[in-house]
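# An overview of the molecular structure
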Amino acid sequence: MEQRPELTVEPVSPWARAQVMLPVFVPFALLGGLLPSFSLAANLYVLALGGGLLLAGMSSRLPRRAAPVTLLPGVAWWLVPVAVFVVVEVITFGMGSTHDYPTLSLLADPLLDGYLVRSMAYFGWLAGFWGLVRR
Amino acid sequence: MSLTRLLAIAGFVLAVLAVLAVEWAARRPSSRIPTLGDVSALVMRYDVGGIPVGRLAILSFWFWLGWHFLAR
């Protein structure tokens, strides 16, 4: 059986584990859900959280997961969703991002107006950010 | 709902489903497809002259994504 190249396991500080960090993001997401789009508070909140995580990600102090040395040959399969998304986004953007030709942003805006979806989006964004910081 | 709007929504849904399908295929035993995490990790290790360009690009993109959908 072919071995994946990333099987090396690095020791991880307990506080850096997802089981510890993900619950920390919950109150941040619940608070962020209260801040409406285009508000100064939302801008400052995202800039503060994103800036902090960006700095944490660029720092070499945090433990990182082992990365694969090379990619498996099936990496080209990832071009399929990327291509579908790019084609739809480029066409709708080129047509002016209107009601009849909506970009992803235009479709997402009304959904993100709701507190629950907005809070979940905050949590997903923070959790994804943390996952990237650890990479 | 207009046909073009329906097609646009279908296209975005198709893209999301394609991500889930490829990730599912990548996580199968003996898969020859890397997971999205592996692809991201390799891109993030890309340095130019000691500057972690790949890492900065991926983290900045995620930062922008949050700002675009949640703040702007």
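Rules of the game
- Residues numbered from 1 in each chain as written.
- Chains lettered and ligands numbered in written order.
- Predicted model: local features only at pLDDT ≥ 70, side-chain atom pairs only at ≥ 80, totals over all residues.
- Heavy atoms only, no water.
- Buried < 20%, exposed > 50% of the residue type's maximum accessible area, 1.4 Å probe, protein only.
- Helix = DSSP H or I, 4+ residues; strand = E, 2+ residues; numbered from the N terminus.
- Arc of directions from axis to C-beta.
- Contact = heavy atoms within 4.5 Å.
- Phe/Tyr/Trp six-rings, centres within 6.5 Å; stacked < 30°, edge-to-face > 60°.
- Patch = residues over 30% accessible without salt bridge, like charges linked within 9 Å, V, L, I, M, F, W, Y side chains within 5 Å.
- Areas by Shrake-Rupley, 256 points an atom, 1.4 Å probe, with all protein chains shown as cover.
- Salt bridge = Lys/Arg side-chain N within 4 Å of Asp/Glu carboxyl O.
- Expected span 1.5 Å × (residues − 1).
- Axes fitted to C-alpha atoms, helices over the stretch in contact; angles between N-to-C directions.
- Parallel < 35°, antiparallel > 145°, perpendicular 65-115°, else oblique.
- Left-handed = near helix turned anticlockwise from the far one by under 90°.
- Nonpolar A, V, L, I, M, F, W, Y, C, P; charged D, E, K, R; others polar.
- Core = buried A, V, L, I, M, F, W, Y, C linked by side-chain atoms within 4.5 Å.
- pLDDT = per-residue confidence, 0-100.

## Describing helix H4 (residues 104-112) of chain A
Taken as a whole, H4(A) has its buried residues at Ser105(A), Leu107(A), Ala108(A) and Leu112(A). Burial along H4(A) is one-sided: seen end-on, the buried residues are contained in an arc of 160 degrees. Of the surrounding elements, those touching the buried residues of H4(A) are helix H5 (115-133) of chain A together with helix H1 (3-26) and helix H3 (53-70) of chain B.

## Focus on the packing of aromatic side chains
Within this structure, the stated rule accounts for six aromatic pairs over all chains. An angle of 65 degrees between the planes, with centres 5.8 Å apart, marks the rings of Tyr45(A) and Tyr122(A) as edge-to-face. Taken together, the residues span a long stretch of sequence, with Tyr45(A) in helix H2 (residues 40-58) and Tyr122(A) in helix H5 at a distance of 77 residues. No difference in accessibility class separates Tyr45(A) from Tyr122(A), as the two residues are buried. Members of the aromatic cluster, joined through ring pairs, are Trp125(A), Phe129(A) and Phe63(B).

## Remarks on a nonpolar patch on the surface
A grouping of Leu40(A), Leu44(A), Leu47(A), Phe61(B), Trp64(B) and Trp67(B) is seen on the molecular surface, where their side chains present a nonpolar patch of about 630 Å² in accessible area. At the level of elements, H2 of chain A together with H3 of chain B are the ones that each hand at least two residues to the nonpolar patch. Structurally, the position occupied by Phe61(B) is in helix H3. Overall, the relative accessible area of 46% leaves Phe61(B) in the partly exposed class.

## Here's the deal with helix H1 (residues 18-32) of chain A
All names here are of chain A. Taking 1.5 Å per residue, 15 residues should reach 21 Å; H1 reaches 20 Å between its end C-alpha atoms and fits that length. Burial in H1 covers these residues: Met-21, Phe-25, Ala-29 and Gly-32. Contacts made by the buried residues of H1 are with H2 and H5.

## Describing the packing of H2(A) against H3(B)
The interhelical angle for the contact between H2(A) and H3(B), taken along N-to-C directions, is 165 degrees, at an axis separation of 10 Å. With respect to H3(B), the element H2(A) is oriented roughly antiparallel. When the axes of H2(A) and H3(B) are compared, the crossing they make is right-handed. Between H2(A) and H3(B), the residues in contact are Ala42(A), Asn43(A), Val46(A), Leu47(A), Gly50(A), Gly51(A), Leu54(A), Gly57(A) and Met58(A) and Arg55(B), Leu56(B), Leu59(B), Ser60(B), Phe63(B), Gly66(B), Trp67(B) and Leu70(B), respectively. Residue composition of the contact of H2(A) with H3(B), grouped by class: 10 nonpolar, six polar and one charged.

## A look at the packing of H4(A) against H3(B)
Between H4(A) and H3(B), whose axes approach to 9 Å, the crossing angle comes to 60 degrees. Regarding the angle of H4(A) to H3(B), the classification is oblique. Residues Leu104(A), Ser105(A), Ala108(A) and Leu112(A) of H4(A) pack against His68(B), Phe69(B) and Leu70(B) of H3(B).

## Some points on the nonpolar core
With 27 residues, the main nonpolar core has Val46(A), Tyr122(A), Trp125(A), Phe129(A), Trp130(A), Val133(A) and Leu59(B) as its most contacted residues. Elements supplying a minimum of two residues to this core: H1, H2, H4 and H5 of chain A together with H3 of chain B. With seven residues, H5(A) is the largest single contributor of residues to this core. Setting aside residues up to four positions removed in sequence, Tyr122(A) forms contacts with Ala29(A), Gly32(A), Gly33(A), Ala42(A), Tyr45(A), Val46(A) and Leu70(B).

## Regarding the side chain of Asn43(A)
Looking at where Asn43(A) falls in the secondary structure, it is placed in helix H2. Judged by relative accessible area, which is 18%, Asn43(A) ranks as buried. Setting aside residues no more than four positions away along its own chain, Asn43(A) makes contact with Phe38(A), Trp67(B) and Ala71(B).

## Some thoughts on the confidence of the model for chain B
Summarising the model, chain B shows a mean pLDDT of 94, and 100% of its residues fall at 70 or more. When pLDDT is averaged over each element of chain B, H1(B) comes out on top at 97 and helix H2 (residues 36-44) of chain B at the bottom at 92.

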